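# Chains, contacts and geometry: an overview
Single-letter residue listing:
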Amino acid sequence: MSTVEPIPFAASTDDVLAELSALRAHDAPTHGGRVLSYVYDSGLAELDDLAASAARLVQPVNGLDPTTFVSVAALEGDVVGFARTVFHGDEDVVGSVTSGGTESCLLAVKTARDAWRAEGGDGTPRLVAPSTVHAAFHKAAEYFGLELDLVPVDPATGAPAIADVAARLGDDVALLVASAPSYPFATLDPVQEFAALALEHGVPLHVDACIGGFALAFDAGWTVGARADGELLPAWDFAVPGVTSLSADLHKYGYAPKGVSVLLHRGRDRQRRQWFATTAWPGYPVVNPTLVGSKPAGPLAAAWAIIRRLGVDGFDALSRRTAEATAVLVETVRGIDGLVVVGEPVGPLFAVAADETVAPERRIDPHHWADAVGAHGFKVQLQPGLVQADGRRLPHTAHLTITPATAGVLDELVAALVAGADAARGAASIDAGAVLAGLGADPAAGAAVGALLANPEAAAALTSEQAAGILGALGLAGADGPALPDSLAPVLALVEALPGELVERLLIELLARVVEPR
């Protein structure tokens, strides 16, 4: 008779969970509406409990094979069907559940590239999009070998000129992308005008609704500019002829845990180009609609359960709650002397810039403002400025994403935004040159940065130790690893001032070292 020896466990269950709880105590709060980016809190604890229970039920399931784990096929079919309905797709619209918005966008681009090649395209295809398009499309272009052709936008509105978009379209364009809305400025790109151009030129159009799709899809009274008397939204989804594909994240305003998104295509034949299949190895046939093979079913099951629990009426109510809170906050910022809301934001997010029309002593730098609001317990995201290809500069801004949970702390948040403005008003923007001048204390780092300013392309060749040395000289790393300051305005000033190639290399080093073993 065989015997099974007991497992020599290294720690008790209680000790393991206590250690994890201690680690989580250092995280930004994921609930309660105090982090105005990254997290999407419904404000309903029962939805979190439901999602956790649903994910637990399918925890051992491998989403790789829906013929073995048939629950995956049923769950995915239901979720895609729900998305198709709310985004006004007919029976010709089909899709997949992915691990998040980036994967959805990558797959949309991969599909477009393969379709373009199949239709006779030769050479390097172009991907045309406004300069505010999500960075996922930069990644997709790099990964899949497309030329990213960015159309500059108006710095005041965040919108591109239709004539500029039309001028970019041609036979070598594999995909045109519109945002609904854009992440940086919450601009709803003119999808109907884009679609008309796409049909005219025979170019597919993808609508990236990853951040706002599952909020805008519901009857919340969303308006242009987040005003109660604002212009109603124009059609932006599959209700528009010429929209070829659409991405939207369920782990945002579907309130599911990370990571679950949907990618929808108009037409089965087009969608099949998204897939990968091979039998050219001696193992099982590999057939995947997504970039990953084995994948958890938990986020899918959680999204499915929340959809079942809320239904359209529940989503309507949560979207309306979010829309009302967003309108209050937009009007609050519009009433603050020294700040402006960028453009006419659409959906549950907006960006805030300095009001350049007022005197310097009244002006508020949005990065100082974000840091000051942080002192009142709310985390506002800082966004750097950007000089576009035509020389026009997009302003540096503060970004706020609003959720249903925001409604529960609205009075406190309004007070924090106003108090932060009072604290930051008149403070000069960070002089990145002065920060760089401080490198004189480290001659080696100063010389390295000087050489890279003259030849930014050389940044890619920096070794890990060289990059870490520059980070240390800039005050962003120490003997114990990366060390971000409490105030992020100086960091963002460097991001704006230094060449992109150098910033990107240093950020890679910074984040890579954050997760290295200690």
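None of these values were measured; they are calculated from a predicted model.

### Here we look at helix α3 (residues 70–86)
Across its 17 residues, α3 extends 25 Å between first and last C-alpha, which sits within 8% of the 24 Å expected from 1.5 Å per residue. Within α3, the full set of buried residues consists of Val72, Leu75, Glu76, Val79, Val80, Phe82, Ala83 and Val86. One side of α3 holds all its buried residues, which, seen down the axis, span an arc of 155°. For α3, the exposed residues lying more than 90 degrees away from the buried face are Val70 and Thr85.

### Considering the sheet that holds strand β1 (residues 93–98)
The strand order across the open sheet built from seven strands is β1-β7-β6-β5-β4-β2-β3, with neighbouring strands paired in mixed fashion. Edge positions in the sheet fall to β1 and β3 (147–151), since each of these pairs with one other strand and no more. Taking the axes of each pair of neighbouring strands and ignoring which way they run, one obtains an average angle of 20° across the sheet. As paired strands, strand β2 (residues 126–130) and strand β4 (residues 173–179) are joined by three bridges and run parallel to one another.

### Some words on the pairing of strand β7 (residues 261–266)
Of all six residues in β7, five are buried; the element is thus mostly enclosed. Pairing geometry for β1 and β7, over six bridges, is antiparallel. Opposite Gly95, over in β7, you have Leu264 as the bridge partner. Taken together, the five bridges between strand β6 (residues 243–249) and β7 define a ladder with antiparallel strand orientation. Counterpart to Ser245 in the pairing with β7 is His265.

### Examining the pairing of β4
Among the seven residues of β4, seven are classified as buried, and the element is accordingly described as predominantly covered. For β4 and strand β5 (residues 205–208), the ladder comprises four bridges, and the chain directions are parallel. Residue pairing across strands places Val177 opposite His206, the latter belonging to β5. Tracing the backbone out of β4, into helix α7 (residues 191–201) and back to the parallel element β5 gives a crossover that is right-handed.

### Side note on the pattern of salt bridges
Where charged atoms of side chains with opposite charge meet at close range, the side chains can pair. Counting across every chain of the model gives 20 salt bridges. Between Arg34 and Glu412 there is a salt bridge, with its nearest N and O atoms 2.7 Å apart. Of the two residues, Arg34 is situated in the loop between α1 (13–24) and α2 (45–57) and Glu412 in helix α12 (residues 410–424); the sequence distance between them amounts to 378 residues. Ionic pairing is found between Arg513 and Glu509, a salt bridge with its closest N-O pair at 2.6 Å.

Conventions and cut-offs
- Numbering of residues begins from 1 in every chain and follows the order in which that chain's sequence is written.
- In view of the model being predicted, local features appear only for residues whose pLDDT reaches at least 70, and side-chain atom pairs are presented and counted only at 80 or more, with totals across whole chains, interfaces and linings using the full set of residues.
- The basis for every side-chain value is the complete set of heavy atoms in the structure, and neither hydrogens nor water enter the calculation.
- By definition, any uninterrupted DSSP run of H or I lasting at least four residues is a helix, any uninterrupted run of E lasting at least two residues is a strand, and each is numbered from the N terminus.
- To estimate how far a helix should reach, multiply one less than its number of residues by 1.5 Å.
- Working definition: with a 1.4 Å probe on protein chains only, accessible area under 20% of the residue-type maximum means buried, over 50% means exposed, and in between means partly exposed.
- Working note: the arc is built from the helix axis to C-beta atom directions.
- Criterion used throughout: strands pair if DSSP finds at least two bridges between them.
- Helix axes are fitted only over the stretch in contact, all axes being lines through C-alpha atoms; the angle between N-to-C directions runs from 0 to 180 degrees.
- By convention a crossover is right-handed if, when the strands point away from the viewer, the path from the first strand over the helix to the second runs clockwise.
- We define a salt bridge as a side-chain nitrogen of Lys or Arg found within 4 Å of a carboxyl oxygen belonging to Asp or Glu.

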